[in-house]
Amino acid sequence: MSGRMFGKCLILGSVLVLSVGIAPGLVAQTAETGRIAGKVVEVQGEKPVDAATVYLEDTRLGSVADGQGRYEIKAVPPGSYTLVISKVGYRKVVQQVSVPAGRTVHMDFRLETEVYQMDELLIESIVPEDEDKNEDKLLRQRQQAVEIQDAIGSEDMSRTASGDAAEAVSKVTGASVVDGKYVYIRGLGERYSMTQLNGSELPSPDPYRKAVQMDLFPSSLLDRIVATKTFSPDMPGNFSGGSVEMWTKRFPESFTFNFSQSVAYNTQATFNDKMLVYPGGGSDWLGMDDGTRAVPAMLKDPAFVIPDIGKAWSDKAAALELDRISKAFNPVMAPSTEKGPVNQSYSLSMGNQFKLFGRPLGVLGSFSYSRKASFYDNGTVGRWQLTGTMDKTDDLNNDFLLNDVKGSDEALWGGLINAAYKITGNHEIGLNYMCNQSGESSARYLAGQFPRDLTGNAIYETRVLKYTERTLNSFQLRGEHDLPELFSSHLEWTGSFNFSGQIEPDLRYFTDNYTVRERNGTVDTLYSIRPSIYPKPNRYFRDLSEDNMNFDLKVSLPFKQWKGLHSQMKVGGAYNEVERHFRERRFEFSLDDSKYGYQGDPYEYWMPSNVGLMDSTGKLNRFANYVLDASELRGNYDGKQRIAAGFAMVELPITTRLQFIGGVRLENTRMSVVSHDSTLGKGGIDENDLLPATNLIYLLSDNMNLRAAYGRTLARPTFREMAPYASFDFVNDYTFIGNENLKRTLIDNFDLRWEWFARGGEVFAVSAFYKKFTNPIERVIKNVNAEVQYQNVDRADVVGAEFEARQRLDRIHPALEPFRVGVNLALVHS
């Protein structure tokens, strides 16, 4: 798997180098002239105006807008010009423009139809030479959007020094970022969010979480991030809090190159020589294990049988075999300490546009690497149980109270390449390839009182050594096509294939307890490993792989309603197929001869001289620590999910001020989780869900909207939540057990928003929302044996409000024109 990752990202690097090689020639060709580019759309609905004529007055320079309303005037000598935009049925627009040498001027236009009786509109302004007003364009798109949206564009990402998508999306109203990477919308967890890249849903490389790690995407590669908070039928129905869509830049205007580096000092970890670590191999810094933690070679075949201790006592050959296998495992079962590294990150991105067969081809790529360490030695972990009888007041009894020390070191790297090619003026295709690799090494030590299981002054100790390696590969192909000969329809399609994997090689648990006692003035410490209370020393080897395939098709058909206003019908469908395979092997170590028992030093206890065959001179072969295969069939499962969807919707202006958007989406879900243990139940979902949606937009004025929306969405359980096997973070912690009877959650979403787009770059908005959940999935304590499980509860409710203001400061003084102030607040009660 690691080799494939290197190979694919080597290809990515080669393409980036190719961009660098091609760029200088292109830059040289255009250094003496400038360029004008932009988009022409209608005022009402932002519908692209194709075939609009765009030309520079008194020159022979001009262009015709394509099916997406895009135009481009090349090789413009430096100077000032009058730019004219016209098309039959629309009011002509005239605007002054200044074109500097070697630069691109971006100008977007909104044309009014002839039904508006007015004189010729003359707009005179100077367009900034180096700014495309990305944020102003985003606010216009938000004003005209069908759904309730919030967004941040590349301009604001740069202004707020957001290095990656996680930092950028944290500036969006109602969005919060957990652990520096996972995005929660409107206070709802990852189950109720969805992440898309260029319109295609991304899988998560973490089998235990639905959320995508947003810190994988450098902001220099992104054009915008849009958080859609209401549902429309052309969207997947599996979200409630919000859908986060990342859109990469498609056609760089010229060669671009960005490199960034950052270092961070963690006061608890950096240079702390007492940081706990899990000793690994030489490639941990690359986020991958080099085989140091791999299962011993003779045990790679699950069919291999380890000799039984009973047979090994009397059979010399079996004894030698058991000795060889027991000593094949790495002897480290406890954390060690070393100096913590400096947190650091690097990001490289570049892009270019050039000609392929005479048509524009845009290429963008990025590569990023980061390493982050964290440590604490003052944690506390405790659990209490509420007890009592009918005639006695309830009491809280302590199960355990432990001091917690934990260190972790994570390496993350990845690459992303995006290419877009305009085949003709009406047809465009694009592709994305993304590869990510991460590895996190963690070491943990807990010690303290355990009244539930240990009496007197006995002290409980447990140690965890864990390494998690994750891989994500995503390939996406997409296309947009204007079909004027087919009712002037517009077609969009996306196909993607994603592979994600997670391995946990040699997850190690070692637990003991000790008692300090004094007799006749002598202090003794008695150590014990008590398998009757907690599991024996364990070694886990886990491997998960998941394939995810998506296809999405949307067809838009324009028409005019009874008053001649532009309307649109949209139909389409989607298909998603996911297959997951999870395998687990577990090995236990037992002690044969008590004279080799634990004396308090975990490093000495697991030395090779204290593992395997110890004495074979007598009638019996006696062992110290020896291994046995404790793998269970229930620790292996396979999951499949098939989702087929179809939708129909209409965007219909009732009047010039009131617009109705509504429709329905039908999603068929077939999901199954099957354990390799045939005695366990099969988890599954087989449902047809009708998901209606209605959006109403009323224009209080030309720059003020009042929106109301209703939509029904759903949330599905994950494979892990349905898989009937147990896992825990440390011995005697809560044991998580899957639930094969989980149902999907249905959510009714109600939204209301007032928004005022006072000027370019300014917005004031107030929102209110209410969500009603049927069969929500919640984590519950199953029983007094500290087993937890996800279960459906009857219902849940969420209500909230959002406030947003963005203000340009030139209202105070013209000298403050470059400055803006923004503030947002979300209040959520659930």
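Thresholds, definitions, all that
- Note on numbering: residues in each chain are counted from 1, in written sequence order.
- Residues qualify for local features only when their pLDDT is at least 70, as the model is predicted, and side-chain atom pairs are given and counted only at 80 or more; totals for whole chains, interfaces and linings, by contrast, use all residues.
- Calculation of side-chain values draws on the structure's entire complement of heavy atoms; hydrogens and water are dropped beforehand.
- The helix count covers DSSP runs of H or I at least four residues long, the strand count covers runs of E at least two residues long, and both are numbered beginning at the N terminus.
- Throughout this description, buried means an accessible area under 20% of the type-specific maximum (1.4 Å probe, protein chains only), exposed means over 50%, and partly exposed covers the range between.
- Note on areas: these come from Shrake-Rupley sampling with a 1.4 Å probe, and a residue is covered only by the protein chains present in the view.
- The convention is simple: Lys and Arg are positive, Asp and Glu are negative, and His and the chain ends are not counted.
- Charge positions are represented by NZ for Lys, CZ for Arg, CG for Asp and CD for Glu.
- Here a cavity means grid points, on a 1 Å grid over the protein atoms only, where a 1.4 Å probe fits yet cannot get out; a pocket means an open set of points with protein on both sides within 12 Å along at least five of seven lines; lining residues are those with an atom within 4 Å of a point.
- Grid points are joined across faces, edges and corners, and a volume is the space filled by probe spheres set on the points.
- Pairs of residues are marked as contacts when any of their non-hydrogen atoms sit within 4.5 Å.
- Here, a strand pair is defined by DSSP locating no fewer than two bridges between the strands.
- In this description, the arc belongs to the directions extending from the helix axis to the C-beta atoms.
- Here a polar contact is taken to be a pair of N or O atoms separated by no more than 3.5 Å, where protein atoms must pair a possible hydrogen donor with a possible acceptor and residues adjacent in sequence count only if both atoms sit in side chains.
- Throughout this description, the term salt bridge denotes a Lys or Arg side-chain nitrogen within 4 Å of a carboxyl oxygen of Asp or Glu.
- Every residue carries a pLDDT, the predictor's confidence in it, which falls somewhere between 0 and 100.
- In plain words, nonpolar cores are sets of buried Ala, Val, Leu, Ile, Met, Phe, Trp, Tyr and Cys residues tied together by side-chain atoms within 4.5 Å.
- Note that patches include only residues with greater than 30% relative accessible area and no salt bridge, and the join distances are 9 Å for like charges and 5 Å for nonpolar side chains (Val, Leu, Ile, Met, Phe, Trp, Tyr).
- Two rings from Phe, Tyr or Trp (for Trp, the six-membered ring) form a pair when their centres sit within 6.5 Å of each other. Planes less than 30 degrees apart are called stacked, planes more than 60 degrees apart edge-to-face, and all others tilted.

### Some words on the overall build of the protein chain
Each helix and strand counted, the protein chain has 8 helices and 43 strands in total. If you line up the protein chain on its principal axes, its C-alpha atoms span 110 × 70 × 55 Å. Counting across all 830 residues of the protein chain, residues that qualify as buried make up 51%. Counting every atom, the protein chain has about 36900 Å² of accessible surface; 55% of that belongs to carbon and sulfur. In the protein chain, 92 side chains carry a positive charge and 106 a negative one; their mean positions are 2 Å apart.

### Overview of empty space enclosed by the protein
For the structure on display, the rule yields 11 cavities of 30 Å³ or more. In this structure, the largest cavity spans a volume of roughly 830 Å³. In this structure, the largest cavity is lined by 49 residues; those nearest its centre are E201, K210, N238, N548 and Q641. The set of elements that each furnish at least two residues to the lining of the largest cavity consists of β12 (182-185), β13 (193-197), β14 (200-201), β27 (538-560), β28 (566-591), β32 (637-653) and β33 (658-675). If you tally residues by element for the lining of the largest cavity, the top one is β27, at 6 residues.

### Things to note about the side chain of N538
You can see N538 is positioned in strand β27. You can call N538 buried: its relative accessible area is 2%. Apart from the residues within four sequence positions on either side, N538 is in contact with M333, L507, R508, Y509, R586, F587 and E588.

### What about the sheet that holds strand β10 (residues 149-153)?
Read across the open sheet, the 5 strands follow the order β10-β15-β16-β13-β14; overall the sheet is mixed. In the strand order of this sheet, the two ends are held by β10 and β14, each with one partner. Of the pairings in the sheet, the one linking β13 to strand β16 (residues 242-248) comprises 5 bridges and is parallel in character. Across the sheet, the residue bridging to T195 is V244, located in β16.

### Notes on helix α6 (residues 316-326)
Those residues of α6 that sit buried are A318, A319, L322, D323, I325 and S326. Considered in projection along α6, the buried side chains sweep an arc of 165 degrees and stay on one side of the axis. At its buried positions, α6 is contacted by α5 (309-314), β28, β29 (613-615), β30 (622-623) and β31 (625-629). Two or three places before A317, at the opening of α6, D315 has a side-chain oxygen 3.0 Å from that residue's backbone nitrogen.

### Describing the pairing of β12
Here β12 shows a buried face lined by Y182 and Y184 and a second buried face lined by V183 and I185. Bridge analysis of strand β11 (residues 175-178) against β12 gives 4 bridges, and the strand direction is antiparallel. Paired with V178 across the strands is Y182, a residue of β12. Between the end of β11 and the start of β12, which pair antiparallel, lie 3 residues, with D179 showing a positive phi angle near 60 degrees.

### Some words on the side chain of E147
Along the chain, the position of E147 falls in the loop between α2 (134-144) and β10. Here Q149 takes part through its side chain, which lies 3.4 Å from a polar atom of the side chain of E147.

### Examining unusual backbone geometry
Of note, F271 is a non-glycine position whose phi angle comes to about 65 degrees, a positive value. With respect to the helices and strands, F271 occurs in the loop between β17 (256-264) and β18 (275-277). Of note, N775 is a non-glycine position whose phi angle comes to about 60 degrees, a positive value. Note that N775 resides in the loop between β39 (763-774) and β40 (777-781).

### Describing the pattern of salt bridges
All chains considered together, the criterion is met by 53 salt bridges. Ionic pairing is found between D150 and K229, a salt bridge with its closest N-O pair at 2.6 Å. In this pair, D150 sits in strand β10 while K229 sits in the loop between β15 (222-228) and β16, placing the two residues 79 residues apart along the sequence. We note that D150, like K229, is buried. Salt-bridge contacts for E504 lead to R542; the nearest nitrogen and oxygen are separated by 3.8 Å.

### Here we look at the confidence of the model for the protein chain
On average, the protein chain scores 86 in pLDDT, and the residues at 70 or more come to 92%. For residues 10-31, every residue scores under 50 in pLDDT, and the model assigns this stretch 25 contacts once sequence neighbours within four places are set aside.

### Details of the pairing of strand β22 (residues 395-424)
Look at any regular strand and the pattern is simple: side chains alternate between the two faces of the sheet. Within β22, 21 of the 30 residues are buried, which leaves the element mostly enclosed by the surrounding structure. In terms of strand pairing, strand β21 (residues 359-387) meets β22 through 25 bridges, oriented antiparallel. Counterpart to Y376 in the pairing with β22 is K406. Adjacent in sequence and paired antiparallel, β22 and strand β23 (residues 427-449) are bridged by 2 residues.

### Considering the environment of A715
Positionally, A715 belongs in strand β35 (residues 704-715). Classification of A715 as buried rests on a relative accessible area of 1%. Setting aside chain neighbours within four positions, we find A715 in contact with R191, Y192, R744, T745, I747 and I777.

### Side note on the nonpolar core
In this structure, A165, L202, M214, F217, I225, V244 and M246 are the most contacted members of the largest nonpolar core, which totals 27 residues. The greatest single-element share of this core, amounting to 4 residues, is contributed by helix α4 (residues 165-169). Not counting chain neighbours up to four residues away, the residues in contact with A165 comprise M214, F217, L222, I225 and M246. Counting 23 residues, the second-largest nonpolar core is a separate cluster that includes I309, A312, A319 and L322.

### A look at the environment of S200
With respect to the element layout, S200 can be found in strand β14. The exposure class of S200 is buried, given its relative accessible area of 5%. Separated by 46 residues in sequence, S200 and M246 place their C-alpha atoms 9.6 Å apart. Those residues in contact with S200, other than ones at most four positions away along the chain, are T195, Q476, T494 and S496.

### A word on the sheet that holds strand β36 (residues 726-727)
The 4 strands lie next to each other as β36-β37-β41-β40, forming an open sheet whose pairing is mixed. Two strands lie at the open edges of the sheet, namely β36 and β40, each paired on one side alone. As judged from the 2 bridges shared by strand β37 (residues 735-737) and strand β41 (residues 787-792), these two strands associate in the parallel manner. Bridge assignment links F736 to a residue of β41, and that residue is V788.

### Some points on a nonpolar patch on the surface
Nonpolar side chains collect at one region of the surface, where F497, M549, F551, L553 and Y575 lie side by side and expose about 430 Å² of accessible area between them. Here the nonpolar patch takes 3 residues from β27, the largest share from any one element. Mapped onto the secondary structure, F497 falls in strand β25 (residues 489-519). What makes F497 partly exposed here is its relative accessible area of 42%.

### As for the packing of aromatic side chains
A complete count under the given rule lists 28 aromatic pairs for this structure. Pairwise contacts between aromatic rings join F329, F510, Y514, Y527, F541, F587, F589, Y598, Y605 and W606 into one cluster.

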